[in-house]
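Examination of the molecular architecture
The residues making up each chain are set out below.
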Amino acid sequence: MLDSCKLKSACNLPFICNKKIINTAGTSNAEVPLADPGMYQLDITLRRGQSLAARDRGGTSDPYVKFKIGGKEVFRSKIIHKNLNPVWEEKACILVDHLREPLYIKVFDYDFGLQDDFMGSAFLDLTQLELNRPTDVTLTLKDPHYPDHDLGIILLSVILTPKEGESRDVELSENEVVGSYFSVKSLFWRTCGRPALPVLGFCRAELQNPYCKNVQFQTQSLRLSDLHRKSHLWRGIVSITLIEGRDLKAMDSNGLSDPYVKFRLGHQKYKSKIMPKTLNPQWREQFDFHLYEERGGVIDITAWDKDAGKRDDFIGRCQVDLSALSREQTHKLELQLEEGEGHLVLLVTLTASATVSISDLSVNSLEDQKEREEILKRYSPLRIFHNLKDVGFLQVKVIRAEGLMAADVTGKSDPFCVVELNNDRLLTHTVYKNLNPEWNKVFTFNIKDIHSVLEVTVYDEDRDRSADFLGKVAIPLLSIQNGEQKAYVLKNKQLTGPTKGVIYLEIDVIFNAVKASLRTLIPKEQKYIEEENRLSKQLLLRNFIRMKRCVMVLVNAAYYVNSCFDWDSPPRSLAAFVVVEDMLEDEEEEDDKDDKDSEKKGFINKIYAIQEVCVSVQNILDEVASFGERIKNTFNWTVPFLSWLAIVALCVFTAILYCIPLRYIVLVWGINKFTKKLRSPYAIDNNELLDFLSRVPSDVQVVQYQELKPDPSHSPYKRKKNNLG
């Protein structure tokens, strides 16, 4: 939750406000002229739905509700699974600048992986509400295409309150900021197919609109330059380890399931991997959520059975109330699945907030000598074993962009910037009608893996549809030169070629090299809001070519080994004869025949199944080709830090072998492996060598991370000088 700040302006977009009801004398709405530019506060409680339409094959639905004003989404409720009479009891608070725009209520049925089904809509005429008086409203849902169909009703409680001109203290919760933010920019709802991580920094950097200057209550929105301080964006981290499931419900005809688990905290989501053909899956997955509210929150957990070519089956659900858990302590939870069978075993840890903030350019952590010394001390070599997860500190100055693409019909754009590091996302404000915007914002991040890649994306804000992509850059942290302001050429979405415009960034990285090296040998953090891979003919062909290159390397190596046996070169063959070892290993593979469903699949289901198989083949080819390319790039010194780390590790291992007999090393290694589960039964299994290779970029990533040289002639400042000459 953000620190309290003064709301000094009222823009012509609906923004979320604090849940504070003002008790004054009741007044009729008719007394207020519709042209009145003053703001109104609309407090809504979404009560429940009754007799909603069934949209699923089981005769039920998974309904959720959207509120829209002026074509913008200002609220989205949680999903109630398998219920035609859902009870939400959720509150929303919206600021509207006039009462002409009605509040639209739309109900949808959630379908995982598919387009959600429309269940009906209604609208609430705000001009008919009495001011300062609680009103219970019953709305009948209708489908404009089928007006005679009965789609049920939605029950609300609303209070409409006029906002006076005086300044008010506003404290925003996660849902409030996210509702406001996504009403303005719906890019993560629409481009990623699911909501991105909500970031409370949106409010401070974003709520700026030049069109607000002529409003009656003139002021500017929540700018850090007015407050002259930084804003820390979330209060803590929720670390979750999904251990296992026990005695889950069998959903397939073979008496088994292919279970996976979905987690949701506010607008943050995570989906586990699929464990095929088991009722007692062992996941051993770890991930983090951001904790925004002081009192915690509730994690919604649902278990599903994966079905190829048709909708996944619901196994059960449960919840975790974070307010009941103590901080800085790991809790083992065994949760009974409701509406189903079985248990889920989790480890949940609540820790203090990471160093993540947003500020104006005038508030700079590294320019403050005292704060800089504290940061350098925190990551000094003497503090190697203090909080191994805290590897380093990243500061990003997003200064300006030049020569951006014109996305609007007016020949201009409304650009804003998204800065991402793994699962942390922060945004700048929007600069309206400008192809050469200046943001002058400073973002700070906590580095958990020095091999992470900083992604900066520029979008064009659109009022009534998803944001337009303008350009993107990806910068590995290890390639950053501290304190240097650089012009980065913007690339296309695939990062394979340039697009129009450059962005000016100044980046500083401070990290502990020993911690960074140790973190290299543990599993890489999964970016769980990434788009799922889709079938692409071009991508499939590229992966085949990459795979062919790796195979040809192996073939050439086989020819080389065969030449040793043919004694084409006697010295080489003699050396090979001395050092040869038996490296062949018999492996037997058991072919498990899948039990086929007795019912015949339709044509569409078969198409989906074939497409899913093709996507799997495409991904496997990518993984195998990437594995070979990573090994090659390790020896090619593509990332010097990793190559040096490999050399140091080999030198240390050689010294250990020289001092200690091999049998003792094997004995210690075997004891460690056999007793690992006894010492730490819920430890996540990993392979240090594979974890190391996962940090080495593949050839595709090398191209994506390569910097393009800017063209000086494209700079607008350069053109101005030439015109003057």
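Residues numbered from 1 in each chain as written. Predicted model: local features only at pLDDT ≥ 70, side-chain atom pairs only at ≥ 80, totals over all residues. Heavy atoms only, no water.

**Brief notes about the pattern of salt bridges**
On inspection of all chains with the given rule, the structure shows 15 salt bridges. Where Glu420 meets Arg425, a salt bridge forms, and the shortest distance between an N and an O atom there is 2.9 Å. The pair formed by Glu420 and Arg425 is uniform in burial state, with each residue classed as buried. Residue Glu455 is joined to Lys472 by a salt bridge in which the shortest nitrogen-to-oxygen separation is 3.4 Å. Highlighted residues: Glu455 in strand β26 (residues 453-460) and Lys472 in strand β27 (residues 468-476), separated in sequence by 17 residues. (Salt bridge = Lys/Arg side-chain N within 4 Å of Asp/Glu carboxyl O. Buried < 20%, exposed > 50% of the residue type's maximum accessible area, 1.4 Å probe, protein only. Helix = DSSP H or I, 4+ residues; strand = E, 2+ residues; numbered from the N terminus.)

**Description of the environment of Ser413**
Tracing the chain through its elements places Ser413 in the loop between β22 (392-402) and β23 (415-421). In this structure the C-alpha to C-alpha distance between Ser413 and Asp468, which are 55 residues apart in sequence, comes to 9.4 Å.

**Some words on the sheet that holds strand β5 (residues 72-76)**
Across the sheet, four strands lie side by side as β5-β4-β7-β8; this open sheet has antiparallel pairing. At either end of the open sheet lies a strand with only one pairing partner, and these are β5 and β8 (117-124). On average, each strand axis in the sheet is tilted by 25 degrees relative to the strand beside it, whichever way the strands run. With seven bridges connecting them, strand β4 (residues 63-69) and strand β7 (residues 103-109) associate as antiparallel partners. Note on β7: the bridge partner recorded for Lys68 is Tyr104. (Pairing = 2+ DSSP bridges. Axes fitted to C-alpha atoms, helices over the stretch in contact; angles between N-to-C directions.)

**Considerations on the packing of aromatic side chains**
Within this structure, the stated rule accounts for 13 aromatic pairs. Residues Tyr64 and Phe108 carry aromatic rings whose centres are separated by 5.9 Å and whose planes lie at 25 degrees to one another, so their mutual orientation is stacked. One end of the pair, Tyr64, is in strand β4; the other, Phe108, is in strand β7, with 44 residues separating them in the sequence. Phe108 matches Tyr64 in its accessibility class, with the two residues each being buried. Consider the rings of Tyr104 and Phe123, whose centres lie 6.0 Å apart with planes at 45 degrees: the pair is tilted. On the criterion of sequence distance, the pair formed by Tyr104 in strand β7 and Phe123 in strand β8 is long-range, its members being 19 residues apart. The exposure class assigned to Tyr104 is partly exposed, which follows from its relative accessible area of 38%. Taken together through their ring pairs, the aromatic side chains of Phe263, Tyr270, Phe287 and Phe289 make up a single cluster. The ring of Tyr504 has Arg400 lying over it, and the distance from NZ or CZ to the ring centre is 3.9 Å. (Phe/Tyr/Trp six-rings, centres within 6.5 Å; stacked < 30°, edge-to-face > 60°. Lys NZ or Arg CZ within 6 Å of the ring centre and 35° of its normal.)

**Digging into the side chain of Ser517**
Within the fold, Ser517 resides in helix α6 (residues 513-519). Reaching out from Ser517, the side chain makes a polar contact with the backbone oxygen of Ala513 at a distance of 2.8 Å. Not counting the four nearest positions on each side in its chain, Ser517 is found in contact with Phe641 and Leu645. (Polar contact = N/O pair within 3.5 Å; in protein donor to acceptor, adjacent residues only side chain to side chain. Contact = heavy atoms within 4.5 Å.)

**Quick look at the sheet that holds strand β14 (residues 259-265)**
Pairing in this open sheet of four strands is antiparallel, and the strands run β15-β14-β17-β18 from one edge to the other. Because the sheet does not close on itself, it has two edges, and the strands there are β15 (268-271) and β18 (313-321). On average, adjacent strands in this sheet sit at an angle of 15 degrees to one another, irrespective of strand direction. Strand direction decides the pairing type here: β14 and strand β17 (residues 298-305), joined by six bridges, are antiparallel. Within β17, the position partnered with Tyr260 by the bridge is Trp304.

In short, the description is geometric, and any link to function would need to be established separately.
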